[in-house]
Amino acid sequence: DAKTTQPPSMDCAEGRAANLPCNHSTISGNEYVYWYRQIHSQGPQYIIHGLKNNETNEMASLIITEDRKSSTLILPHATLRDTAVYYCIVSGLTGGGNKLTFGTGTQLKVEL
Amino acid sequence: GAVVSQHPSWVICKSGTSVKIECRSLDFQATTMFWYRQFPKQSLMLMATSNEGSKATYEQGVEKDKFLINHASLTLSTLTVTSAHPEDSSFYICSARQGGRSGANVLTFGAGSRLTVL
């Protein structure tokens, strides 16, 4: 599975959009981009995933660059409850890709 | 939505004893479940892949005789930490793959089980 690079930490004011970047320059054609988050002392929570096109759901939007080498997770109106570690994971379904390997993620702190 | 339940949520045991952690998919069947371990201020580390009706696949460096995994049904996988020692104290998290999302590998995670070995 392709490795990802994320900033270790980010701050965001409550009510503003939080834009979390992720680099995955070695991504291959059949690999998806997944985003999960982990609030302190809880299990990870699925947020969104995508292959090529931008995606949006009730939680967030995922913007994937045309070359697929990077992506951005957007939380449109961050709240204090969005404070968590956000993990960007790239994985396919073949060659051992049925498992998700977590990196160090980005600690997002949403403040008043 | 899909729910994965873990039990117990926390457990304290004496050194040398064995502890069993259960992971259940409540509203879907899971032929494959994954077990992770997380130490304080670190990321999740995949320990093993649990396959229903067959032996688990362990990641490199994980002792299969110490961390026994059983996946006897499509909704239940168990992790038994045998002869636990203080260094086994950790946060253990299971996950299961949701079906129906063609081509993708979306996992639902349990809330985790915190093990403290005295």
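Here the structure is shown first, and the text comes after it.
Residues numbered from 1 in each chain as written. Chains lettered and ligands numbered in written order. Predicted model: local features only at pLDDT ≥ 70, side-chain atom pairs only at ≥ 80, totals over all residues. Heavy atoms only, no water.

Trainee: Can you walk me through the side chain of H24(A) in this structure?
Mentor: All names here are of chain A. Mapped onto the elements, H24 comes out in the loop between β2 (18–23) and β3 (32–38). Of the polar contacts made by the side chain of H24, one reaches the side chain of S71; its length is 3.0 Å. Sequence-distant contacts of H24, that is, excluding residues within four places in its chain, are made with K3, T4, V33, R68, K69, S70, S71, C88 and V90. (Helix = DSSP H or I, 4+ residues; strand = E, 2+ residues; numbered from the N terminus. Polar contact = N/O pair within 3.5 Å; in protein donor to acceptor, adjacent residues only side chain to side chain. Contact = heavy atoms within 4.5 Å.)

Trainee: Would you mind going over the interface of chain B and chain A with me for this structure?
Mentor: Many structure descriptions define interface size as the accessible area lost when the parts assemble. Each partner contributes to the interface: chain B provides 22 residues, whereas chain A provides 20 residues. When the two sides are added together, the surface that chain B and chain A hide from each other amounts to roughly 1,600 Å², 53% of it contributed by carbon and sulfur. Notably, a salt bridge pairs K99(A) with E59(B), separated by 3.0 Å at the nearest N-O pair. At the junction of chain B and chain A, the tally comes to 6 residue pairs in polar contact (both at pLDDT 80 or more). Every element with two or more residues in the side of chain B that touches chain A is listed here: β4 (32–38), β9 (90–97) and β10 (107–109) of chain B. For the side of chain B that touches chain A, the element with the most residues is β4(B), which contributes 4 residues. Class assignment for the residues of the side of chain B that touches chain A results in 11 nonpolar, 7 polar and 4 charged. (Buried area = accessible area lost by both parts, 1.4 Å probe. Salt bridge = Lys/Arg side-chain N within 4 Å of Asp/Glu carboxyl O. Nonpolar A, V, L, I, M, F, W, Y, C, P; charged D, E, K, R; others polar.)

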